[in-house]
Amino acid sequence: ASPSVHRGAMAGGFPFPGRAARLECFVALLGLVAYLNALRTGFVFDDNLAILENKDAMSSNALLPIFVHDFWGRPLNTVSSHKSYRPLTILSYRANNALIGGVRPECSSRECPGGWGYHLTNAALHALVCALVARLTRVCTGAERLANTRALIAGSLFAVHPVHCEAVVNLVGRAELLTAMLICAAFLLHASAAADGVRGLALGAQAGRVLCAAWLFALALLCKETALFAMLAVPAHEVLVVLQASRSSLRATAPSSEAEKQGADKSPEEKSPREESPGEKSPEEKCLRDKSPLVEKNPSDEGPSAEKIKIGWLKSFEKRRLRLTACGAMARLFPIVLVSCGYLILRVALMSHPIESDSQTGREKLEWVAAHPRPWPVHYSWAETKPSLRLVRRAENPLSSLLPPLLPGTETRSTSGGNFLAWILSALHTNCYHWRLLLWPYQLSIEYSFDCVPLVFSLSDCRAWLDILAFLIAGAFTLRRLAVAVATGEPRACRDVRCIAWGVLAWVPASNVLFPIGTYIAERLMYIPSIGAAMLIAQLLAPSSGQKTQSGRKRELSLGAARLLGATALGLACAALSARTLVRNLDWLNNDTAFSSALAVCGRSAKLQLQTGKRLLGSGDTTGALVRFALAREIDPDFCDLDFEEAKVRLMLGQAKAALPLLHNSLQCPFTVNGAAPMLMEVYKQLLSQYPNDSWLHGMAASTYNSAGQPAQAAQHHARAAEICTAQGNATCAREHTEGHARAIGLAGIGS
């Protein structure tokens, strides 16, 4: 193959452009066909909150609030916000709503019809990502004769893998699709510019692609914040480019005998284009020697002295070339660093809240912050860009229960408490569970919250040792390939490291290691990291070196037999994965099928039982709802949402007195207080008008007002309860309410 067609991975070339384009179209078509049966899917699970109940996602509403609200439509500068800033994802929903298969603005029911346009858009985005993955594989795993084979393997596995169903069929996964598409495109543009830099082209010729890559990176950040970590694959690629350039420099300046000796130890497939004929210099080495002034003046010099002088000139020239390569890499990375810094500053500016009065507390603070926009003094802080730790609870992410508790009224954790060993073992198990889903995607669920996947509390749990073994094997392989790549710049090791970087770096924000997130396990989080996994599998299944015989000599497998065996294995794997994907798509058909399939896998999930109970309550099955709520309470007695949902059932059954304690407890839950407070006041108003002489009812009202920080109203109800108890001759009751009245009066006096 000529150098113009047969370039190495460092050069970022694309061999056989016609065949490559057809391969990418095939992979894209495969990804599209795998999700055609999902077009009749409705709005399922979180789609209702993100689209149907989110005013920002409707094209009929104002546009500007998108840029100051989070993904769920809440103001970014409030404590209740999850700080998920994804305006471009919301804009894509609005475009769907306005142009392709949208929903009516007045549609707010949980079974809203329509939505095929949303799912068609997701399927098309997935198909485009599959094509980009195929092209990305050729860049990251080398442009040898096996490049198209690797691209086919990686692209096909990625296209039909069932773990991607949540990202493609669940409309909330649109953020993953857009981010993956933009990051892959940005990486390819940057790699192309890096290839020109290695070949000696001026930075001006690379500037357009570098700036375009930075622009795509900025758009990816506005689709999902995890793009910040996924884009770290670009600096990793640049470092490997410099390492390979360094190795190339050493080879170019090495004596011919040593170069021939090194080349003789490699198989024809393992050699890079410049190593194919050890006795013949590559075009770049010839260019270097032709540019040497000494060679031009003395083309016929022979002997050891002349050779040493030539090598000295070449070493000096190569050092300068290597410095230019490193400086070029830093110059190409500068726009990406600039975009990253700008994005972080933007988050601080948007998510910091105005400085409110110290006399305001609790709910008044939140209302004040929401009502006062920017001209007021603002408290800028990096801590404001992270979601409140109080929003990360055991029900969604059980790992948070293993950390030390928060100090009262702060976002700081106590220095004591918690179970550090259990946190390490459980976090390791969570990460291994995610990667296990890639290898064996048989049991999949829409929800993995507490207690679907039990925590690992000690080393006596056999899962801990399996996880440790898997971690050690993966870590040893990664460190070994990284050490070889850094020490020698060996091409295959660099290819392995590129694939690993795509898998690991993109996974960091979802690993629960750097910071706790609101999700314990979610299949959609594997969408971008699985790109690296697919490329690594392709690299391992289509190695560049032949197998060794017992005598140590290398031989190649029969090309026809190898192709037949590989095609058969790939076909069987894709057929099995495609079948699982098509079946999995049907699980997402509607909320009933989604929750039914999830209960078969995660029956021990308290949140899943709660959601199922709410579904039953919506259909009028109050008995079934109470059964589900009881199961959820048995799994997680501290799940505070249960009180509010059960109270609604009691009210539907006409059991207002039974609902009162539940609504009162709901006031202590930050996730239900806004709904419980007005409902509780209405229930009190109704019951007190019916039972004005019920001391228990007045006592409950006094307790509620005390919890709400209104001691004056609490004192009135305590006084009325004491009067009723005295009239009934209940001295104990009268004494308790008299004491309560005195405490409330004292608090009211302090407050005034």
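Since we're looking at a predicted model, the values are computed, not measured. (Residues numbered from 1 in each chain as written. Predicted model: local features only at pLDDT ≥ 70, side-chain atom pairs only at ≥ 80, totals over all residues. Heavy atoms only, no water.)

**Focus on the overall build of the chain**
Helix and strand counts for the chain stand at 29 helices and 4 strands. A burial count over the chain gives 50% of its 752 residues as buried. In the chain, once contacts between residues fewer than 6 apart in sequence are set aside, the share between residues at least 24 apart is 70%. As presented, the chain carries roughly 34600 Å² of accessible surface, and 64% of it is formed by carbon and sulfur atoms. (Helix = DSSP H or I, 4+ residues; strand = E, 2+ residues; numbered from the N terminus. Buried < 20%, exposed > 50% of the residue type's maximum accessible area, 1.4 Å probe, protein only. Contact = heavy atoms within 4.5 Å. Areas by Shrake-Rupley, 256 points an atom, 1.4 Å probe, with all protein chains shown as cover.)

**A few points about a nonpolar patch on the surface**
On the surface, a nonpolar cluster with roughly 370 Å² of combined accessible area is contributed by Leu63, Leu64, Phe67 and Val68. Within the secondary structure layout, Leu64 lies in the loop between helix 2 (47-52) and helix 3 (87-99). (Patch = residues over 30% accessible without salt bridge, like charges linked within 9 Å, V, L, I, M, F, W, Y side chains within 5 Å. Salt bridge = Lys/Arg side-chain N within 4 Å of Asp/Glu carboxyl O.)

**Description of the packing of aromatic side chains**
As enumerated under the stated definition, the model contains 11 aromatic pairs in all. Taking 6.1 Å as the distance between ring centres and 70° as the angle between the ring planes, the aromatic pair formed by Trp435 and Trp507 counts as edge-to-face. Residue Trp435 is found in helix 16 (residues 420-439), and its partner Trp507 is found in the loop between helix 18 (491-505) and helix 19 (529-541); the two are separated by 72 residues along the sequence. Classification of Trp435 by relative accessible area gives partly exposed; the value is 27%. An aromatic cluster of three or more residues is present, and its members are Phe43, Phe71, Trp72, Tyr93 and Tyr118. The ring of Phe71 carries Arg86 above its face, with NZ or CZ at 5.2 Å from the centroid. The ring of Tyr691 has Lys657 sitting right over it, with the charged end atom 4.7 Å from the ring centre. (Phe/Tyr/Trp six-rings, centres within 6.5 Å; stacked < 30°, edge-to-face > 60°. Lys NZ or Arg CZ within 6 Å of the ring centre and 35° of its normal.)

**Comments concerning the state of the cysteines**
Under the definition given, this model contains 3 disulfides. In this model, Cys640 is linked to Cys669 through a disulfide, with the two sulfur atoms separated by 2.1 Å. Of the two residues, Cys640 sits in the loop between helix 23 (622-635) and helix 24 (641-652) while Cys669 sits in the loop between helix 25 (656-666) and helix 26 (673-690), which places them 29 residues apart along the sequence. The class of Cys669 is buried, set by a relative accessible area of 1%. (Disulfide = S-S within 2.5 Å.)

**Section: the packing of helix 3 against helix 4 (residues 116-141)**
Working note: a packed helix pair is described by the angle between its axes plus the distance between those axes. Where helix 3 meets helix 4, the axes come as close as 9 Å, and the angle between the chain directions of the two elements is 130°. It follows from the interaxial angle that helix 3 and helix 4 lie oblique. Every pair of crossing elements has a handedness; the one defined by helix 3 and helix 4 is right-handed. Across the interface between the two elements, Tyr93, Asn96 and Asn97 from helix 3 touch Gly117, Tyr118 and Thr121 from helix 4. (Axes fitted to C-alpha atoms, helices over the stretch in contact; angles between N-to-C directions. Parallel < 35°, antiparallel > 145°, perpendicular 65-115°, else oblique. Left-handed = near helix turned anticlockwise from the far one by under 90°.)

**Some words on the environment of Gly155**
The residue Gly155 is located in helix 5 (residues 147-160) in this model. For Gly155 and Cys130, which are 25 residues apart along the polypeptide, the C-alpha to C-alpha distance reads 5.6 Å. Once you skip the residues sitting within four places of it in the chain, Gly155 turns out to touch Val27, Cys130 and Val133.

**Some details on the confidence of the model for the chain**
Across the chain, the average pLDDT comes to 80, with 78% of residues at 70 or higher. By mean pLDDT, helix 13 (residues 293-297) is the weakest element of the chain at 42, and helix 6 (residues 165-169) is the strongest at 95. Note on residues 1-16: pLDDT under 50 across the span, and 42 contacts to partners over four residues away in sequence or across chains. (pLDDT = per-residue confidence, 0-100.)

**A word on helix 19**
When the terminal C-alpha atoms of helix 19 are compared, their 19 Å separation across 13 residues agrees well with the 18 Å that a helix rising 1.5 Å per residue should span. Burial analysis of helix 19 places 10 of its 13 residues in the buried class, the great majority of the element. Considered for burial, the residues of helix 19 that qualify are Pro529, Ser530, Ile531, Gly532, Ala533, Ala534, Met535, Leu536, Ala538 and Gln539. (Expected span 1.5 Å × (residues − 1).)

**Remarks on the nonpolar core**
The biggest cluster of nonpolar side chains holds 98 residues, and the ones touching the most others in it are Leu136, Phe187, Tyr448, Trp502 and Tyr527. Here this core gets 11 residues from one element, more than from any other, and that element is helix 7 (residues 174-198). (Core = buried A, V, L, I, M, F, W, Y, C linked by side-chain atoms within 4.5 Å.)

**Let's talk about the environment of His434**
Tracing the backbone shows His434 in helix 16. Residue class for His434 comes out buried when judged on its relative accessible area of 0%. Ignoring sequence-local partners within four residues, the contact set of His434 consists of Trp507, Tyr520, Ile521, Ala522, Leu525 and Met526.

**Things to note about the side chain of Thr672**
With respect to the helices, strands and loops of the structure, Thr672 is situated in the loop between helix 25 and helix 26. Given a relative accessible area of 4%, Thr672 falls into the buried group.

**Some details on the packing of helix 23 against helix 24**
Contact geometry of helix 23 with helix 24 gives a least axis separation of 10 Å together with a crossing angle of 155°. Between helix 23 and helix 24, the angle is such that the two are roughly antiparallel. The chirality of how helix 23 crosses helix 24 is left-handed. Residue-level inspection shows Thr622, Ala625, Leu626, Phe629, Ala632 and Arg633 of helix 23 in contact with helix 24, the latter providing Leu642, Asp643, Glu645, Glu646, Val649, Arg650 and Met652.

**So, helix 27 (residues 695-707)**
Since the α-helix advances by 3.6 residues per turn, residues separated by three or four positions end up pointing in the same direction. When the terminal C-alpha atoms of helix 27 are compared, their 18 Å separation across 13 residues agrees well with the 18 Å that a helix rising 1.5 Å per residue should span. Within the span of helix 27, buried status applies to Ser695, Leu697, His698, Gly699, Met700, Ala701, Ala702, Thr704 and Tyr705. Put simply, Asp694 is the residue that caps the front of helix 27, since its side-chain oxygen is 3.0 Å from the backbone nitrogen of Trp696. Immediately beyond the C-terminal end of helix 27, within one or two residues, lies Gly709, with a positive phi of roughly 75°. (Polar contact = N/O pair within 3.5 Å; in protein donor to acceptor, adjacent residues only side chain to side chain.)

**Structural notes on unusual backbone geometry**
The peptide bond linking Phe450 to Asp451 adopts the cis configuration, its omega dihedral lying at 5°. Take Asp451: it is sitting in the loop between helix 16 and helix 17 (462-488). For Phe45, which is not glycine, the phi dihedral falls at a positive 55°. Along the chain, the position of Phe45 falls in the loop between helix 1 (17-33) and helix 2. The backbone of Asn512 shows a phi angle near 65°, a positive value even though the residue is not glycine.

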